[in-house]
Amino acid sequence: MKPRHLFWTAGALSLAAVPLPAVAQEFADKAEMEFVLNTFAFLMCGALVMWMAAGFAMLESGLVRTKNTASICLKNVALFSIACIMYYLIGYSLMYTDVEGGWIGSLSIFYNMGDAEAVLIGAEEKTAEMIANVTGNGYSVMSDWFFQVVFVATAASIVSGTLAERVRIFPFLIFVVILTGIIYPIQGSWTWGGGWLNNVGGGFSDFAGSTIVHSVGGWAALAGAIILGPRKGKYTADGKMHPMPGSNLPLATLGTFILWLGWFGFNGGSELALGTAANAANMSLVFANTNLAACGGVVVAIIMVQLLYGKVDLTMALNGAIGGLVAITANPDIQHSMLAIVIGGVGGGLVVFFVPFFDRLKVDDVVGAISVHLIAGIWGTLAVAIFDDGDFYAQIVGILAIGAFTFVASAIVWLILKATIGIRADEEEEHVGLDKSEMGQEAYPEFGQGAHSIG
């Protein structure tokens, strides 16, 4: 008898010596363990991604002028709250329910825990059958919802930074309602929801959302920036750009580090499981690659700015880090980590090139979010096909389809808002600052009127 046959025979004899109820209990315990670990991963990684909301708020607060700081903070806390409510009401169902290779999920109101979980939670005595009914799903229903909803808020945060200092608060928040409740879920259903893009070529691949999350935010921001127009005084009559530096670069730096930390949850949690050794190993790889890509983005941005302009720029270094993080998000499980540095480095370099490019087009992006999230997101999605086993055709179709849908849908919403309630602060309100004109309060009241005479 061959050694392999001897192994399986010995295994069968050993199994036969174990009482069948014990075997059944072992498998039941394994299923419950995987359920607990997978749910824990969703919750903890989701909490890290939620912390990115603070990162966006701090980054944007540091890159706007003092007279608009309270306004940008309000927009960030409000957009997160709106995103969560809209995704609970209709967004998750549109994205994940009954998509089945199509273009959109089913429209249903509210997304609550499953019946089996409700029975288990409410039962005084938890039976094996109750537990099995729950653990068969692999994770808690609402843990998945929580992990998904914080991604939606990230897409909306990208828009707030680009349009800062001149978009009015309530039109912006109305746009967030549509973006998070309808636009984002529909395009997300095409891929993560099991929709049509999975059947194009070899299937569209975007591990954690370079396109599905970040480019979507970038396209929505680009549409808004074009329709809204630049800040007063940003560009001179002869086409030159007038710098409007941010008010607090240490705060922007803190925001970047918070985003960097949150990205471990963003990419790591997208492994979507932690119940096996393979899941744990791959999640570890994702964490390492995510970190290395950000480092590559910083280093390349610093070198490029020095070579091009003769001086290093902190804001470019910060955006280089985020550009590297966005770029690796489509493929953070790539198995050679040197490639993660390359992908992130290119992402950081693209930011340095495209920030002045959009300025030449007079697209006023206060924090550079379009370059960081849209351009680096496109690059990262293409890199899946360049460096890994992604299908070029599927990647290009996905980028174009998601981009066209998001840009056109966003532009329609912005134009409707502009034609009805208006989207832009008037010249005097913009000069005074949105903090005082729209909110009647100031983030730095001790500065007095001097804060409003700047820029």
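Residues numbered from 1 in each chain as written. Predicted model: local features only at pLDDT ≥ 70, side-chain atom pairs only at ≥ 80, totals over all residues. Heavy atoms only, no water.

1. Things to note about the environment of Lys-232
The residue Lys-232 is located in the loop between helix 8 (210-228) and helix 9 (249-268) in this model. Residues Lys-232 and Asp-426 lie 194 residues apart in sequence; the distance between their C-alpha atoms is 9.8 Å. Ignoring any residue separated from it by four or fewer positions in sequence, one finds Lys-232 in contact with Met-244, Arg-424, Glu-427 and Glu-430. (Helix = DSSP H or I, 4+ residues; strand = E, 2+ residues; numbered from the N terminus. Contact = heavy atoms within 4.5 Å.)

2. Things to note about the packing of helix 10 (residues 277-309) against helix 12 (residues 337-360)
One can describe the packing of helix 10 onto helix 12 by two numbers: an axis separation of 6 Å at closest approach and a directional angle of 40°. As summarised for this structure, helix 10 and helix 12 are arranged oblique, according to the angle between their axes. Read as a crossing pair, helix 10 and helix 12 show a hand that is right-handed. Across the interface between the two elements, Leu-285, Asn-289, Leu-292, Ala-293, Gly-296, Gly-297, Val-300, Ala-301, Met-304, Val-305, Leu-308 and Tyr-309 from helix 10 touch Ser-337, Ala-340, Ile-341, Gly-344, Gly-345, Gly-348, Gly-349, Val-352 and Pro-356 from helix 12. (Axes fitted to C-alpha atoms, helices over the stretch in contact; angles between N-to-C directions. Parallel < 35°, antiparallel > 145°, perpendicular 65-115°, else oblique. Left-handed = near helix turned anticlockwise from the far one by under 90°.)

3. Examining the pattern of salt bridges
Across all of its chains, the model carries 5 salt bridges by this definition. Between Lys-30 and Glu-34 there is a salt bridge; the shortest N-O distance is 2.6 Å. Of this pair, Lys-30 and Glu-34 are both found in helix 2 (residues 20-63), 4 residues apart, which corresponds to roughly one turn of the helix. Beyond isolated ion pairs, a larger network of salt bridges with shared partners links Arg-65, Glu-165, Arg-231 and Asp-364. (Salt bridge = Lys/Arg side-chain N within 4 Å of Asp/Glu carboxyl O.)

4. Focus on the packing of aromatic side chains
Under the criterion given, the structure shown has 23 aromatic pairs. With 5.4 Å between their ring centres and 40° between their planes, Phe-42 and Phe-147 make a pair best called tilted. Of this pair, Phe-42 sits in helix 2 while Phe-147 sits in helix 6 (residues 141-162), and the two are 105 residues apart along the sequence. As far as the burial class goes, Phe-42 and Phe-147 line up, both buried. Consider the rings of Tyr-88 and Trp-145, whose centres lie 6.4 Å apart with planes at 85°: the pair is edge-to-face. With Tyr-88 in helix 3 (residues 69-96) and Trp-145 in helix 6, this residue pair connects regions lying 57 residues apart in the sequence. Judged by relative accessible area, Tyr-88 falls into the partly exposed class, the value being 25%. Residue Trp-145 is classed as buried on the basis of its relative accessible area of 13%. Members of the aromatic cluster, each reached through a chain of ring pairs, are Phe-42, Tyr-139, Phe-147, Phe-151, Trp-192, Trp-263 and Phe-266. (Phe/Tyr/Trp six-rings, centres within 6.5 Å; stacked < 30°, edge-to-face > 60°. Buried < 20%, exposed > 50% of the residue type's maximum accessible area, 1.4 Å probe, protein only.)

5. Focus: the packing of helix 13 (residues 369-387) against helix 14 (residues 392-420)
Running from N to C, helix 13 and helix 14 point in directions that differ by 165°, and their axes come no closer than 8 Å. When the axes of helix 13 and helix 14 are compared, the pair comes out roughly antiparallel. In the crossing of helix 13 with helix 14, the sense of the turn from one axis to the other is right-handed. Counting all contacts with helix 13, which are made through Ile-378, Thr-381, Leu-382, Val-384, Ala-385 and Ile-386, the residues of helix 14 involved are Phe-392, Gln-395, Ile-396 and Ile-399. Looking at side-chain class alone, the contact of helix 13 with helix 14 contains 8 nonpolar, 2 polar and no charged residues. (Nonpolar A, V, L, I, M, F, W, Y, C, P; charged D, E, K, R; others polar.)

6. A few points about the environment of Lys-67
Structurally, the position occupied by Lys-67 is in the loop between helix 2 and helix 3. Sequence-wise, Lys-67 and Lys-436 are 369 residues apart; in three dimensions their C-alpha atoms are separated by 7.5 Å. Within the structure, Lys-67 has its side chain in polar contact with the backbone oxygen of His-431 (distance 2.9 Å). (Polar contact = N/O pair within 3.5 Å; in protein donor to acceptor, adjacent residues only side chain to side chain.)

7. Focus: the state of the cysteines
A complete count under the given rule lists 0 disulfides for this structure. In this structure Cys-84 is not part of a disulfide, and its nearest cysteine sulfur, from Cys-45, lies 17 Å away. Since its relative accessible area comes to 17%, Cys-84 is described here as buried. No disulfide involves Cys-295; its sulfur sits 19 Å from the nearest other cysteine sulfur, which is in Cys-45. (Disulfide = S-S within 2.5 Å.)

8. Observations regarding the nonpolar core
If you look at the biggest cluster of nonpolar residues, it comprises 99 residues, and the most contacted ones within it are Val-159 and Trp-414. Among residues more than four places away in sequence, those in contact with Trp-414 are Val-159, Leu-163, Val-167, Pro-171, Phe-172, Phe-175, Ala-220, Ala-223, Gly-224, Ile-227 and Ile-423. Residues Ala-293, Ile-328, Ile-334 and Trp-379 belong to the second largest nonpolar core, which totals 8 residues. (Core = buried A, V, L, I, M, F, W, Y, C linked by side-chain atoms within 4.5 Å.)

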